[in-house]
Amino acid sequence: MRRLSDARNAAPPAIVALAATVLLVGFGASGAKERSLVSEASSWRGLVGGGHPAVTVGQRVLVVLHAPSMAQRVAQNGGVASQLKERAWTRSALAAQRQLLAELSTRGIRPQIQFSYSRVLNGFSAPLDARAIAVLERRPEVVGVYPVRVAYPASISSELLGVRGVARGASHLPALRLPGYDGRGVTIALLDTGVDRAQPYLRGRLLPGIDVVGGDADATAAPDPGGSNRRERHGTEMAGILVGAGGPGGVTGIASGASVLPVRVAGWQHDRTGGWAVYARTDQLIAGLERAVDPNLDGDAHDAARIALVGAAVSYGAFADSPEARAIRGALQLDTLVVAPAGNDGPAGPGYGSVSSPGGAPAALTVGAADLRSDAEEVPVAVRAGLSIVLDRPLPLAGAAVSSRPVELELATPRSPEESDAGPSLDRFFDDRGRSLVAGRAALIHGSSDPQLAIEYAARAGARAVVVYGTQLPAGGLGLDEAVDVPVLSIPLRIARIALTAIQAGQHPAISIGVPSVVRNGNDGAIAPFSSRGLAFDGRVKPDLAAPGVAIATSEPGANDDGTPRFGTVNGSSPAAAVVAGAAAVLAQARSALRATDLGSLLTGTGRAIRDTSVTAQGAGLVDLGAAAAGEISADPLTLAFGRAQGDGWHSTQELVVRNVSTRRLVVMVRSTGSGGLEIAPKPRRLRLKPGGHATLALRARLEGSPPGDGSAEGTILLVARGVGPLKIPWAITFGRPPQSLISAVALSAAAFKPSDTTPAVLSLRAGLVAAAPAGTQVNPVAKLDVELWRLRKRLGLLARLRDLLPGRVAIGLTGRGPDGNLLAPGRYQVRLLAVPTSKGPATSRRIPFRIK
């Protein structure tokens, strides 16, 4: 018997969706400080996972069923289940899928199933056309049909020579240790790229792997099938942060005694051009969670990993009801804590933020990145064009390589230096005869969408320094990189233009680079500018907490020329998430009776608040493992989602389950802190809890008076007991009216047309909204877009339903057939569009008349 609390206290199509574009923009939040963060965040773009390749998922979708998954059955059974019961429930979920597929086949719909889910989620993924989607959305057995999205590793890496040790700026993590505990006996499922099993830093701590992407027996770090000699790196880097031991300069992972179960959900796959790129899809991610809770595929979850770390992120995908969010809730119901990165898209407006998926999942422990480096380096730089000195001032040193004495170098460019849209290419640094254009000089290059790769190519072409324009590289942004053993810095675009003009005129401009000096890191102790901010799309505070995420020392795949293992540093919210996942493993060893929800709550609620920083950036604050280990109270959920406040008297209520995780009786007082004219009243204000006992607390937020036109209020709920530190639950509430319209720019290609399956009339529209905020923009997505067919005042049925839409263009083909697939009789009709927001608020409706000839 499994006891979680004991064990670990054929009709043609009626409508065709033709295209939908996805929002890819940067956001800014209000206030002068937030405006500066927008600029700082843009300087990191391309160094923390930016410059993603274009990828298409084809017609792949995720279908979620109402029939319960095994995880839901376990939860309904109070978290208690035997192996036999869990296996029976898994079979039952699969039987529900087979029944649905059998009934679909009678209508000529035979999906080619790619992944079937029954443990954390009941559903499947498959390529489906619009007709099949419309049929499924009308089936009572189906919760919904959701898009498959693309996720990318949420960090960027920089290698260093193993013999160097760890240079200035690389982050050690001594504050995240718990004396006497190292995670021994705890399994961490790592859902990421493959892992280099030959890396000595990880030896003895890797379990046999699972490859969702390619079927490799050990889920190893794969080389580029395109022959570039690059290998998957991200999984090896995250594994090093989790469990590495014996690195140079004393580098070690957070939980060096734990075991990592590599689950390869990301890796080399075809991009839109037919080339190869490293990424994951959300259907692969859910398949990875299925294996994390049932590694041997026997249908029960008694062998589930204690912790699961997701290393990839879907930008701006913070939908609370997405299939991956549902799967994470299922994993938590099976007592697996899922830790996810917040994303690397920087600041956002006062409403919805830039949090990625699966970090937007309410059940995920979502982590933002903090910059804890105490210092950085800058160098004196002078640029000469002809007889004029056009620049003479210190600039941040982006890489770790420096010169022991001042150097003066001629500036040189690759071929077509302004063609940044083409992306980095090594060929551009050589002429037609194969001679380097930058050897022995300072390469002046455009930052493009992937400055990291462009810099590497310049160094490989023999440049003695690399000077980047078109993007502002932050101090230490490149970290330690053995592929780039020359100084790297960026100069203003205006100066670059002058130098480019001088090169074209044959004037041989030059740059002088002095000896670097150490300066204070201006972001020391703050949230990294690139780290994504909340709120999630359900109005919930995300991230839940923060951890170090800049210049984290870790392992790299492969070996150096002398045979020594490779090490490096990484930046991003996924290394921050790895830090927290490692801390969770240590806490799970130290307090083995804790449930997964308790682990997440203690880590979140005991975080150290960062001064002058919004909860939408830091959650409850910086992770504090010692405080978490001493905690005696847990709460569920980790953060709150009250929604948008509108008008005098507005109110919203959230429930909070408070649990005593100590061995003594506790009297818990409930307090609220915050600002903005909001009152949050707890009921009751005092809880008496026996050891292991729990109680439900109602928190009622009420607005007294008229709210400001926009902006937000925020604070924390404090659970206080004598003799122990308080537990914090962050909240934030935005003010102002919701968007007036989530549908705009509606156009129908023909107001009257004959039915045609091959040349339908095209209905185009813009779904969602990108709204202006005082210091930037914010995204307003659509939870559900219904396309209904009406005649006169009678609804004829649902033609199509699209879910979880980010702002962008949508094009729909009207074939002249009704919801049943039959041809429409001549006459006048209407299409009714109904766009439902992701949190509380009115839906947007539009009617478009047309006539069937």
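Refer to the preceding data block for the structure.
Predicted model only: the values in this text are computed from it and were never measured.

Turning our attention to the pairing of strand β3 (residues 60-65). Where a strand is regular, its side chains alternate between the two sheet faces. Counting buried residues in β3 gives five out of six residues, a clear majority hidden from the surface. Pairing of β3 with strand β6 (residues 123-127), which is carried by five bridges, proceeds in the antiparallel orientation. Of the residues in β6, the one forming a bridge with L62 is S125. Sheet topology note: the β3/strand β7 (residues 142-147) ladder contains five bridges and is antiparallel. For V63, the partnering residue across the bridge sits in β7 and is V145.

Attention now moves to the nonpolar core. Membership of the largest hydrophobic core comes to 137 residues, with the highest contact counts inside it found for V339, L603 and L719. Per element, the largest residue contribution to this core is twelve residues, and it comes from helix α11 (residues 573-590). Setting aside residues up to four positions removed in sequence, V339 forms contacts with I307, A308, L309, V310, L365, V367, A577, V580 and A581. Counting 25 residues, the second largest nonpolar core, distinct from the first, contains L765, L785, A835 and F850.

Quick look at the sheet that holds strand β14 (residues 276-281) now. Taken in spatial order, the four strands line up as β13-β14-β8-β16 in an open sheet, and their pairing is antiparallel. Only two strands of the sheet have a single neighbouring strand rather than two, namely β13 (266-270) and β16 (312-313). Sheet analysis places β13 next to β14, joined by five bridges and oriented antiparallel. Bridge pairing links Q269 to A277 in β14. Running over the sheet, helix α7 (residues 282-293) touches β13 and β14 and is turned about 60° from β14.

This paragraph deals with the pattern of salt bridges. Across all of its chains, the model carries 29 salt bridges by this definition. The residue R415 makes a salt bridge to D432 at a minimum N-O spacing of 3.2 Å. Taken together, the residues span a long stretch of sequence, with R415 in the loop between β21 (407-412) and β22 (442-446) and D432 in the loop between β21 and β22 at a distance of 17 residues. Judged by relative accessible area, which is 37%, R415 ranks as partly exposed. In this structure D432 comes out as exposed when scored by relative accessible area, which is 75%.

Time to look at the packing of aromatic side chains. Per the stated rule, a full pass over the model turns up six aromatic pairs. Judged by centre distance (5.6 Å) and plane angle (80°), the ring pair of Y352 and F537 falls under edge-to-face. On the criterion of sequence distance, the pair formed by Y352 in the loop between β17 (337-341) and β18 (365-371) and F537 in the loop between β27 (526-527) and β28 (545-548) is long-range, its members being 185 residues apart. F537 carries the same exposure label as Y352, and that label is buried. Ring centres of F753 and F850 lie 5.5 Å apart, and the angle between their planes is 15°; this geometry places the pair in the stacked category. Separated by 97 residues along the polypeptide, F753 in strand β41 (residues 752-753) and F850 in strand β49 (residues 844-852) bring together distant segments of the chain. Each member of the pair, F753 as well as F850, carries the same accessibility label: buried. Aromatic rings pair up to connect F319, Y352 and F537 into one cluster. R847 extends its terminal NZ or CZ atom over the ring of W790, reaching a point 4.4 Å from the ring centre.

Rules used in this analysis
- Residues numbered from 1 in each chain as written.
- Predicted model: local features only at pLDDT ≥ 70, side-chain atom pairs only at ≥ 80, totals over all residues.
- Heavy atoms only, no water.
- Buried < 20%, exposed > 50% of the residue type's maximum accessible area, 1.4 Å probe, protein only.
- Helix = DSSP H or I, 4+ residues; strand = E, 2+ residues; numbered from the N terminus.
- Pairing = 2+ DSSP bridges.
- Core = buried A, V, L, I, M, F, W, Y, C linked by side-chain atoms within 4.5 Å.
- Contact = heavy atoms within 4.5 Å.
- Axes fitted to C-alpha atoms, helices over the stretch in contact; angles between N-to-C directions.
- Salt bridge = Lys/Arg side-chain N within 4 Å of Asp/Glu carboxyl O.
- Phe/Tyr/Trp six-rings, centres within 6.5 Å; stacked < 30°, edge-to-face > 60°.
- Lys NZ or Arg CZ within 6 Å of the ring centre and 35° of its normal.

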